[in-house]
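Observations on the model geometry
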Amino acid sequence: MSGLAECTIAVECLTYCHVPNGPPSLDNITFHLRPGSRTILVGANGAGKSTLLQILAGKRLVKDAEIRINGRDVFRDSPPGVTFLGTEWAMNPVVRSDIVVSTFLDSVGGYKYKERRDKLLDILDVDLDWHMHAISDGERRRIQLCMGLMAPWNVLLLDEVTVDLDVMVRDELLTFLRNDSIARGATIIYATHIFDGLNSFPTHVAHMRFGSFATEPTAWPSGFTNGPQTPTLYNTALQWLREDRGYRRELEKQGRKSRGARDETVPSDSETFYKKYDYSH
């Protein structure tokens, strides 16, 4: 997209390695997103989606790339109004302690956003008298979403946080997010592996493969219509992932380390050891 001044998110020449001098987890990523866009990130496990979202949220330092949200550097001049919600939150021991949900939400400012908080409580079907240590992971995820979304956000970064939700709550939440984005011109990037019911949600779809964009953020569905039928996000994602596997297997033929079963005639040391003490036969 042209006109960087009009972009909510601008990323230029982003390369990132988890290990110094190691292979890049993200390689030469460049993209721009306008206000009010809603982008779905599609990619296999390990494609770099979570790493990209964490960098956009300022959670990982990158020195040699330009990464700006609303014109501000995400590391050195942290922009306000950026919300990141990832899967690791529900596993934090602090949020598994014996605290009542109403008290927990008040402790993070719920009383300041009562109207949005109450709307989210209804959508997510949360009981304010629940105790955080005594509820399921799915119920804990609902509280995370209520906590993260009750303050109005300008940019929302979602990393597979709907995986624990039942289909009805997920549908109502996505409807709320879509309407909120449209009403306030807020921007969403959503990485997910669940594509049912998402066709009307995104304005753009992007495909990541091995840390790069195989398909940069492209208008949905207009940028994907190649015939008389309107594409579905599920079928588009399935086709991309099949292409990814075929691409990887071609690289394996050229010497890349392969996955899956191995054709080994000599037992491994672990196999030899465990067979020696296997008394099940």
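Refer to the structure printed above.
Described in the following lines is the structure provided in the data block. Since the structure is predicted, the reported quantities are computational estimates derived from the model, not experimental observations.

The next point concerns the packing of helix α3 (residues 114-124) against helix α4 (residues 137-149). Look at α3 against α4: their axes get within 9 Å of each other, and the N-to-C directions meet at 155°. What the angle tells us is that α3 and α4 run roughly antiparallel. Remark: the crossing between α3 and α4 carries right-handed chirality. Together, Arg 116, Arg 117, Leu 120, Leu 121 and Leu 124 of α3 and Arg 142, Leu 145, Cys 146 and Leu 149 of α4 make up the contact between the two elements. Tallied by class, the residues present in the contact of α3 with α4 amount to six nonpolar, no polar and three charged.

A few words now on helix α5 (residues 167-184). Helix length check: α5 (18 residues) gives 26 Å between terminal C-alpha atoms against 26 Å at 1.5 Å per residue, within 8%. Residues of α5 that are buried include every one of Val 169, Arg 170, Leu 173, Leu 174, Phe 176, Leu 177, Asp 180 and Ser 181, and no others. Projected onto a plane normal to the axis of α5, the buried residues spread over an arc of 160° and lie on a single side. Relative to its buried face, α5 has exposed residues pointing more than 90 degrees away, namely Val 167, Met 168 and Ala 183. Close packing links the buried residues of α5 with β3 (38-42), α3, α4, β7 (155-159) and β8 (187-191). Of the residues flanking the start of α5, the one acting as N-cap is Asp 166, its side-chain oxygen 3.1 Å from the backbone nitrogen of Met 168. Gly 185, located one to two residues past α5, shows a positive phi value of around 65°.

Before going further, it helps to spend a moment on the pattern of salt bridges. Oppositely charged side chains can pair when the atoms bearing their charge come close. Applying the stated criterion across every chain, the model contains 16 salt bridges. Put simply, Arg 68 and Glu 66 hold a salt bridge, and the shortest N to O gap is 3.0 Å. Across the salt bridge formed by Asp 180 and Arg 184, the nearest N and O atoms sit 3.0 Å from each other. Here Asp 180 and its partner Arg 184 are both found in helix α5, four residues apart, which amounts to about one turn of the helix.

With respect to the helices, strands and loops of the structure, Asp 244 is situated in helix α6 (residues 233-253). Exposure remark for Asp 244: the relative accessible area of 7% places this residue in the buried category. Aside from chain neighbours lying at most four places away, what touches Asp 244 is Ala 44, His 207, Met 208 and Arg 209.

Quick look at α3 now. Among all positions of α3, only Arg 116, Arg 117, Leu 120, Leu 121, Ile 123 and Leu 124 are buried. Along the axis of α3, the buried residues cluster in a sector spanning 165°; they form a single face. In α3, the exposed positions that point more than 90 degrees away from the buried face belong to Glu 115 and Asp 122. Looking at the buried residues of α3, the elements they touch are α2 (101-107), α4 and α5. Just downstream of α3, Asp 125 is the residue with a positive phi angle, here 55°.

This part covers the side chain of Arg 142. Structurally, Arg 142 is set in helix α4. When sequence neighbours within four positions are dropped, the list of residues in contact with Arg 142 reads Leu 124, Asp 125, Val 126, Leu 165, Asp 166 and Val 169.

About the criteria used
Residues numbered from 1 in each chain as written. Predicted model: local features only at pLDDT ≥ 70, side-chain atom pairs only at ≥ 80, totals over all residues. Heavy atoms only, no water. Axes fitted to C-alpha atoms, helices over the stretch in contact; angles between N-to-C directions. Helix = DSSP H or I, 4+ residues; strand = E, 2+ residues; numbered from the N terminus. Parallel < 35°, antiparallel > 145°, perpendicular 65-115°, else oblique. Left-handed = near helix turned anticlockwise from the far one by under 90°. Contact = heavy atoms within 4.5 Å. Nonpolar A, V, L, I, M, F, W, Y, C, P; charged D, E, K, R; others polar. Expected span 1.5 Å × (residues − 1). Buried < 20%, exposed > 50% of the residue type's maximum accessible area, 1.4 Å probe, protein only. Arc of directions from axis to C-beta. Polar contact = N/O pair within 3.5 Å; in protein donor to acceptor, adjacent residues only side chain to side chain. Salt bridge = Lys/Arg side-chain N within 4 Å of Asp/Glu carboxyl O.

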